[in-house]
Amino acid sequence: MEASTPGIEFDRAAAVVGLVVALALLPVQLFISHIYAQTLPPVLALACLVYLAARGQGHDTDTIRMPTWLAHLLPSVVVFGTAGLALLAHSQGGRTQEFYVLASLLGTLVLGQLLFTRDRDLHVGIVLGQVFVLAAVVRWAAVFTTPGYIGIDAWIHMAQFTRGVLEAHSIAGMGQTKYLMAPLYHLLVVVTSLFTGLGLRWSLFLSLGLAMPVGIVLVYTGAKYLVEPRWALFAAALFALAGSVIRWGIHLIPTSLGLLFFLAILALVLRLFRVSTRTRDGLVVVTLFLAMVLTHQVSSFILTVFLLACGVTQYVLKTGIMNPPDGSAHALGASDVEPIEFGGYVVFNLGFLTLTWSLTPYYGRPFLETAFIFLYESIGGGIGEVTGAANSGGGAAASPTLAQFVVANFDVLGFLLFLFGTTIGCLYALRRGRTNQAVLSLVVAVVVMTGFTLGPPLAGIGTFLSGRWFAFLYAVMAILTAVGFSYLRRGLSPALLLVFLLVFLYVFPMAMIASPKGTVDQPVLETERPRYSFTEEELAAMRTIGTTTTPGETGRVYTDFPYTAVYNRVHGERYRAATVPPDGPAQEDELLYREYQTTGAPLFPDGEGGQRIYRVHEDRMCPSSYDTVYANGDVTYCRAV
């Protein structure tokens, strides 16, 4: 290995460059109205300034500690509070605003223990148990109190693909779909159903649904190879509370299983970098590679990006640029930064991924070919995600208040808090003599993954399904944020640190737990965000109308989104979004009205190729001149005479 040039302070240089770039990007908001274009530069600049202010400082880390009696009391408060949280969800029939407030308060208490408890009063098993139980109740309260499934994609995976496998006793029962080469999710549910004798819904909940909180333990397992147990627990708690992570814990689709595999690989890769390993460790990693590729295409691509980042880091370290000065200390536990060979894992994953995608059918072509076609066509704004419609909704509603705007953008606020901590962690990781291959790999990975998450939507490219990257990205961000906070605790003055930590404790749990992505079953702003769960009456109407009614002359039935999406995934593509003019009834001959269209946030076409939230009364969807074909008190199916 070549010797590096002494005296280069990469962390300081990166902080200065980051500050300059952030200031240079401030005028971008004049040309791009996207909220990230307006918020990322100030957050990046603030993080760089805080890092530089704390650099070289040293303060007593025990000046801000809670009394021992309080440290012993809080675990009981959290456990009993979590039990009350479960009872609240049961009594109210789901997760409500009171549920989110109480869950956020409990999250604050857990994080407070990690930030302010003395070392002698902090017990890893007790705190990890609190994090796990709280995360489980937050997720299971949604899963087990919601009729049917949460989200849209779960309906086609269960009603069509998984049921097809169960009935045909073969994956051929799924038909011509890309999941023919990625069937592990469906096979998991089918096997659970065969062994337990339960239906597909409960088999999904008792297999994948129960397993999702295990990802928190995996984050802790990986983080402890880089930081002390306190901060590894902190990373696990941040990840457990993240809105996008909660989303895939309640919207149970192949992405959820892919996230679990990703977390397991992340923990094992960090182990490979940090401790002496055996052949079996490599075999486990390779097995997980295979499992990921056979589970979900997008998750597999995210993993590939992560592995490529690790591979790039290896070759950068071979230049010797990060060699520590003689006699330097290693705060992240490294004795040197001699790179561990990782190229073989990258090549194996790429090879198996390419082979599998070449054999996967997708729109009449191999998946790999179709993906490149979609990417080419989407450059410049060809393909977008359905969820983006919700962000442009509310055309008929009044301008939101400041409080409503903040709540509606809790996802953004949570991400920015993560970005702040991650930036500080990345800068600290660049300090020579205090780094290692594992943490540098995370730095490269978080930069590349953030680019894939935020860049394509700004460029109008939807091929990468960037919205699904956040949960994977948050796993890496949580670990780097833990690295950053451990640095701030030593570097900032006690008074400034206390103010910063109190603000973080107040904002982060609520912003994440009550975020739109974490509350798709019951949004906090019920009239501003669509609800992606359905009542018993709505599901009963779907079963009856879809199986017993005969379509009219057009063969089409019109209603709101997302109600149309569920019908189409279960009963075929005969349902469309209705056109409702501002001053009259809907224009179509066959219409479905549900009470949610009056009280919630239904989406209808805006006449310009998009969708908007537009509330209507029953007489707008089913006027008196229409015949009623079906009604159950909540849903009405009407037809023009």
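Above this text is the structure in question.
The rules behind the values
- Residues numbered from 1 in each chain as written.
- Predicted model: local features only at pLDDT ≥ 70, side-chain atom pairs only at ≥ 80, totals over all residues.
- Heavy atoms only, no water.
- Helix = DSSP H or I, 4+ residues; strand = E, 2+ residues; numbered from the N terminus.
- Buried < 20%, exposed > 50% of the residue type's maximum accessible area, 1.4 Å probe, protein only.
- Contact = heavy atoms within 4.5 Å.
- Areas by Shrake-Rupley, 256 points an atom, 1.4 Å probe, with all protein chains shown as cover.
- Lys, Arg positive; Asp, Glu negative; His and termini not counted.
- Charge placed at Lys NZ, Arg CZ, Asp CG, Glu CD.
- Disulfide = S-S within 2.5 Å.
- Pairing = 2+ DSSP bridges.
- Core = buried A, V, L, I, M, F, W, Y, C linked by side-chain atoms within 4.5 Å.
- Axes fitted to C-alpha atoms, helices over the stretch in contact; angles between N-to-C directions.
- Left-handed = near helix turned anticlockwise from the far one by under 90°.
- Nonpolar A, V, L, I, M, F, W, Y, C, P; charged D, E, K, R; others polar.
- Salt bridge = Lys/Arg side-chain N within 4 Å of Asp/Glu carboxyl O.

1. Concerning the overall build of the protein chain
When you go through the protein chain residue by residue, the secondary structure sums to 26 helices and 9 strands. The principal-axis extent of the C-alpha atoms belonging to the protein chain is close to 90 × 55 × 50 Å. Every one of the 641 residues in the protein chain was classed for burial, and the buried ones make up 55%. Partitioning the intrachain contacts of the protein chain with sequence separation of at least 6 by distance along the chain shows that 77% fall at a separation of at least 24. When the accessible surface of the protein chain is summed, it comes to about 25900 Å², and 63% of that surface belongs to carbon and sulfur atoms. The distance from the centre of the 38 positive side-chain charges to the centre of the 40 negative ones in the protein chain is 9 Å.

2. A few points about the state of the cysteines
Overall, the coordinates contain 1 disulfide when judged by the stated rule. Between the sulfur atoms of Cys622 and its disulfide mate Cys638 the distance is 2.0 Å. Around the S-S axis, the bridge from Cys622 to Cys638 shows a dihedral of about -85° and counts as left-handed. Note that Cys622 is positioned in the loop between helix 26 (618-621) and strand 8 (626-631) and Cys638 in strand 9 (residues 635-640), a separation of 16 residues in sequence.

3. So, the pairing of strand 9
Bridge count for strand 5 (residues 590-594) against strand 9 is 5 bridges, and the pairing is antiparallel. Paired with Tyr593 across the two strands is Thr636, which belongs to strand 9. The pairing of strand 8 with strand 9 spans 5 bridges and is classified as antiparallel. By the bridge assignment, Tyr630 is partnered in strand 9 with Tyr637. The loop that links strand 8 with its antiparallel partner strand 9 comprises 3 residues; one of these, Gly633, has a positive phi angle of about 95°.

4. Observations regarding unusual backbone geometry
At the junction of Phe561 and Pro562, the peptide bond is cis and its omega measures out at 20° in the coordinates. Unusually for a residue other than glycine, His169 sits at a positive phi of about 55°. Mapped onto the fold, His169 is located in the loop between helix 6 (153-168) and helix 7 (184-196). His169 gets classed as exposed once you look at its relative accessible area, which sits at 67%.

5. Quick look at the nonpolar core
Formed by 192 residues in total, the largest nonpolar core has its most connected members in Phe234, Phe262, Phe306, Met449 and Tyr474. Of all the elements, helix 21 (residues 470-491) adds the most residues to this core, at 16 residues. Setting aside residues no more than four positions away along its own chain, Phe306 makes contact with Phe262, Leu266, Val269, Leu442 and Ala445. Residues Ala578, Leu591, Phe604 and Tyr626 belong to the second largest nonpolar core, which totals 13 residues.

6. Brief notes about the packing of helix 6 against helix 7
Relative to each other, helix 6 and helix 7 sit at 65°, their axes nearing to 9 Å. Here the hand of the crossing between helix 6 and helix 7 comes out right-handed. Residues His157, Met158, Phe161, Thr162, Val165 and Leu166 of helix 6 form the contact with helix 7, whose participating residues are Tyr185, His186, Leu187, Val189, Val190, Ser193 and Leu194. Residues belonging to the contact of helix 6 with helix 7 are distributed by class as follows: 9 nonpolar, 4 polar and no charged.

7. Quick notes on the pattern of salt bridges
One pass over the structure, following the stated rule, counts 14 salt bridges. One salt bridge in this structure joins Glu9 and Arg12, with 2.8 Å as the shortest N-O distance. With a relative accessible area of 37%, Arg12 lands in the partly exposed category. For Asp153, the salt bridge goes to Arg569, with nearest N and O atoms at 3.8 Å. Of this pair, Asp153 sits in helix 6 while Arg569 sits in helix 24 (residues 563-571), placing them 416 residues apart in sequence. Given a relative accessible area of 26%, Arg569 falls into the partly exposed group. Put simply, Glu9, Asp11, Arg12, Arg55 and Arg431 are held in one network by salt bridges that share partners.

The values reported here are purely geometric and, on their own, carry no functional implication.
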